[in-house]
Amino acid sequence: MCTLFEEIAKEGWTEGIAKGKAEGKAEGKAEGIIETGLDLGLAEHDILIRLQKKLNISQQKAQEYFEIFGRQSN
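Residues numbered from 1 in each chain as written. Predicted model: local features only at pLDDT ≥ 70, side-chain atom pairs only at ≥ 80, totals over all residues. Heavy atoms only, no water.

Thoughts on helix H2 (residues 44-55)
Part 1 of the reasoning: Along its 12 residues, H2 runs 16 Å from first to last C-alpha, staying within 8% of the 16 Å computed at 1.5 Å per residue.
Part 2 of the reasoning: Restricting attention to buried positions, one finds in H2 the residues Ile47, Leu48, Leu51 and Leu55. Angularly, the buried residues of H2 cover 100° about the axis, an arc narrow enough to put them on a single face. Seen from the buried face of H2, the exposed residues on the opposite side, beyond 90 degrees, are His45 and Lys53.
Part 3 of the reasoning: Of the residues flanking the end of H2, it is asparagine 56, one or two places downstream, whose phi is positive at about 55°. (Helix = DSSP H or I, 4+ residues; strand = E, 2+ residues; numbered from the N terminus. Expected span 1.5 Å × (residues − 1). Buried < 20%, exposed > 50% of the residue type's maximum accessible area, 1.4 Å probe, protein only. Arc of directions from axis to C-beta.)

This is how it looks when you write it as structure tokens:
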């Protein structure tokens, strides 16, 4: 029989795994959008707009992704 604490810990772990997977998936998509945009010669502004639209994220989050993955592509 599981204790309440064990059940809560299990639920937290499961939620953490799901959140981590979702964040990883979004980062992968962002990286692909940025790499493709740079390969096509798009301006940073246009890539940021595309990130916001495709991933439904804020301008700030789009800029964070661009700072991470835009530098890796250069």
